[in-house]
Amino acid sequence: MSEIILENISKTFLAKDGKVEALKQVSISIDSGDIFGIIGMSGAGKSTLVRCMNYLEEPSQGRVFIGGKELGSLSQRELRKEREHIGMIFQHFNLLMQKNVLDNVCFPLRIQGKRKSEARERALELLQIVGLSDKAAAYPAQLSGGQKQRVAIARALASDPKILLCDEATSALDPQTTASILELLKDINERFSITIVIITHQMSVVREICRHVAILKDGVVQEQGLVSDIFNNPQSDVARELILTDRGSDVDKPFFSPQDEILQGEKIRIVYSENSAFEPVIANMILTFREPVNILRADTKNVGGLAKGEMILQFMNGSQETQAMKEYLIERGLSVGSVD
C-alpha cells in the first residue's frame, strides 16, 4: 500500500526576475515501510519537493496524499495533527543549543502536552535507541556532528511518526559517520516499519540504504524505480552522471584511468555481482576476440547490501567486433550500458 502519493506536483515561486518553476508535474508513489531516495544535483528541486510532502510548501498544482488523506483538503488544525505523524531531520540538525540533549528530545513531547515525567521517560528510551544514553545531560556544543544527528533522529521519533523525511541529513558528515547514521536509519526502518524518504545529492547514500529512487533534474523526474535496476542500467543522462561520479566511502578503492586512452573507441559501463563473476570474463573476451580492451575504471560498490562491481571499458576505434563483444558480456550475466 502506498503511504505517500504525489500526483502531478508543480511549484512556482515568484522572484524578481519572474517566475521560477521549482517542480514540474512530479508524480511519485512511496510504499509503506519503504526507504525511498530522491536525488539530484543542487537546484534540482529536492528540498522543495520534500516540503511539499508535508505541506510546509503548498504545491501550485497537484495533490499530496499521506495515508490516503489529501493534505490540500485538510483544515489547518487537521494539517497540524497530520504533521505529528511526519518526522523530519535536516542537514544542520536544528537542535536547541541552550537545552541539553534530554530536553531537546523532550521538546516535541512537551508541545504535544505530555507530562514532564512521561516526556523524560520516553526521551530516555529514544536516546537508548540511537545510542546516546550517556549523553542525556550534555549540550549540543559538546557533541560531534554524528551525535547531534542522532539527537535529531531521536527527537524526530518522539511523536511516533509513520514517516521520516531526511533532507540532506548526512551531507555535513564524514563518510564513516554517514555510514553509521545510515545503519541507524535502516535499523529504525526495520524495527518500527517507518517509511523513510531520503533527500540527497549523493548516489552513495542512495545505493547504501534506499530500495527505490527518483532522480530529479530541473524540477522534473528523469527516472525512478528500484535502485538496483537504475544502478545496473541507468536510462537518463543525469542518472549516468550521478553513478559515474559516485565514489562514496570507497575512496581507497582503485580507479584505473590511463592518461593516454590509446584505443579511442566506444566506451561502455559493465556491472556485475558475485553471481556473474565466476570466470575472468574480460580476459576470456580478449582471448576470444583477439582484440585489446582498455579498462578505464574499475570499482566495487555496495548497492542495497549487495556487492556490485563496475568497470568502464573502451574498445578499439573502428573495431568490427564491438557489438559481438558487448553481446558476449551480456550472455555471461553482466549488465552493459553506454557511456557518453
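Above this note sits the structure.
Residues numbered from 1 in each chain as written. Predicted model: local features only at pLDDT ≥ 70, side-chain atom pairs only at ≥ 80, totals over all residues. Heavy atoms only, no water.

A. Spotlight on the nonpolar core. Core analysis: the biggest nonpolar cluster contains 55 residues, and Leu127, Ile153, Leu185 and Ile198 have the highest contact counts within it. The element that contributes the greatest number of residues to this core is helix H5 (residues 145-157), accounting for six residues. Every residue in contact with Ile198, bar those within four places of it in the chain, is listed here: Ile35, Phe36, Gly37, Ile38, Cys166, Leu185, Val205, Ile209 and Cys210. One finds Phe36, Cys52, Tyr55 and Leu216 within the second-largest nonpolar core, a separate group that totals 27 residues. (Core = buried A, V, L, I, M, F, W, Y, C linked by side-chain atoms within 4.5 Å. Buried < 20%, exposed > 50% of the residue type's maximum accessible area, 1.4 Å probe, protein only. Helix = DSSP H or I, 4+ residues; strand = E, 2+ residues; numbered from the N terminus. Contact = heavy atoms within 4.5 Å.)

B. Layout of the sheet that holds strand S4 (residues 61-66). Judged by pairing direction, the sheet is antiparallel, and its four strands sit side by side in the order S2-S1-S4-S5 without closing on themselves. Here the strands that pair on one side only, and so sit at the sheet edges, are strand S2 (18-31) and strand S5 (69-70). Pairing of strand S1 (residues 2-15) with S2 involves ten bridges; the strand directions are antiparallel. Each residue of the ladder has a partner; that of Ile9, found in S2, is Val26. Taken strand by strand, helix H1 (residues 46-53) contacts S1, S2 and S4, and its axis lies near 60° from that of S2. (Pairing = 2+ DSSP bridges. Axes fitted to C-alpha atoms, helices over the stretch in contact; angles between N-to-C directions.)

C. Summary view of empty space enclosed by the protein. Applying the stated criterion across every chain yields a total of one cavity of 30 Å³ or more. Along its surface, the largest cavity is lined by Cys166, Glu168, Ala169, Thr170, Leu182, Leu185, Ile198, Ile199, Thr200 and Val205. At the level of elements, helix H6 (175-192) and strand S8 (195-200) are the ones that each hand at least two residues to the lining of the largest cavity. In terms of residue count, the dominant contributor to the lining of the largest cavity is S8 (three residues). A breakdown of the residues in the lining of the largest cavity according to their chemical character gives seven nonpolar, two polar and one charged. (1 Å grid on protein atoms, 1.4 Å probe; cavity = no way out; pocket = protein on both sides within 12 Å on 5 of 7 lines; lining within 4 Å. Points joined across faces, edges and corners; volume = space filled by probe spheres on them. Nonpolar A, V, L, I, M, F, W, Y, C, P; charged D, E, K, R; others polar.)

D. Local environment of the packing of helix H3 (residues 101-111) against helix H4 (residues 116-129). The contact between H3 and H4 brings their axes to 8 Å, and the two run at 120°. As the angle between them shows, H3 and H4 are arranged oblique. Taken as a pair, H3 and H4 cross one another with a handedness that is right-handed. Contacts from Val101, Leu102, Asp103, Val105, Cys106, Leu109 and Arg110 in H3 reach Lys116, Ala119, Arg120, Arg122, Ala123, Leu124, Leu126 and Leu127 in H4. Looking at the contact of H3 with H4, its residues break down into ten nonpolar, no polar and five charged. (Parallel < 35°, antiparallel > 145°, perpendicular 65-115°, else oblique. Left-handed = near helix turned anticlockwise from the far one by under 90°.)

E. Representation of the layout of surface pockets in the model. Taken as a whole, the largest pocket encloses approximately 590 Å³ of empty space. Together, 18 residues line the largest pocket, and Arg83, Ile86, Met88, Pro108 and Ser159 are the ones closest to its centre. Secondary structure elements with two or more residues in the lining of the largest pocket: helix H2 (76-83), strand S6 (86-90), H3 and H5. Here the lining of the largest pocket takes four residues from S6, the largest share from any one element. For the lining of the largest pocket, the residue count by class is nine nonpolar, five polar and four charged.

F. How the structure looks around H3. For H3, the full list of buried residues reads Val101, Leu102, Asn104, Val105, Cys106, Pro108 and Leu109. Looking at the buried residues of H3, the elements they touch are H4 and H5. In this structure Asn100 caps H3, since a side-chain oxygen of it lies 3.2 Å from the backbone nitrogen of Leu102. One or two positions beyond H3, positive phi appears at Gly113, with a value near 95°. (Polar contact = N/O pair within 3.5 Å; in protein donor to acceptor, adjacent residues only side chain to side chain.)

G. Expanded view of unusual backbone geometry. Residues other than glycine seldom take positive phi values, yet Phe93 does so here, at roughly 75°. Of note in the backbone geometry, Ser193 takes a positive phi value of approximately 55° without being a glycine. Examined against the element boundaries, Ser193 turns out to sit in the loop between H6 and S8.

H. The arrangement of the sheet that holds strand S9 (residues 212-217) in detail. Taking strand neighbours across the sheet as the criterion, the six strands line up as S6-S7-S8-S3-S9-S10 in an open arrangement whose pairing is mixed. If you trace the sheet from one side to the other, it starts and ends with S6 and strand S10 (220-226), each paired once. Across the sheet, the axes of successive neighbouring strands diverge by a mean angle of 15°, strand direction being ignored. Sheet analysis places strand S3 (residues 35-39) next to S9, joined by four bridges and oriented parallel. Of the residues in S9, the one forming a bridge with Gly37 is Val213. H5 contacts S6 and strand S7 (163-167) of the sheet and is inclined by roughly 165° relative to S6.

I. Summary view of the packing of aromatic side chains. This structure, assessed with the given rule, holds one aromatic pair. Between Phe289 and Tyr328, the ring centres sit 5.7 Å apart and the planes meet at 85°, which makes this aromatic pair edge-to-face. With a gap of 39 residues between them, Phe289 in helix H10 (residues 281-289) and Tyr328 in helix H11 (residues 322-331) connect regions that are remote in the sequence. You can call Phe289 buried: its relative accessible area is 18%. On the basis of relative accessibility, which here comes to 9%, the residue Tyr328 falls in the buried class. Geometry around Phe231 places Arg269 over its ring, the cationic atom sitting 4.7 Å from the centre. Here the guanidinium or amino end of Arg332 rests over the ring plane of Tyr328, the centre of that ring lying 3.5 Å away. (Phe/Tyr/Trp six-rings, centres within 6.5 Å; stacked < 30°, edge-to-face > 60°. Lys NZ or Arg CZ within 6 Å of the ring centre and 35° of its normal.)

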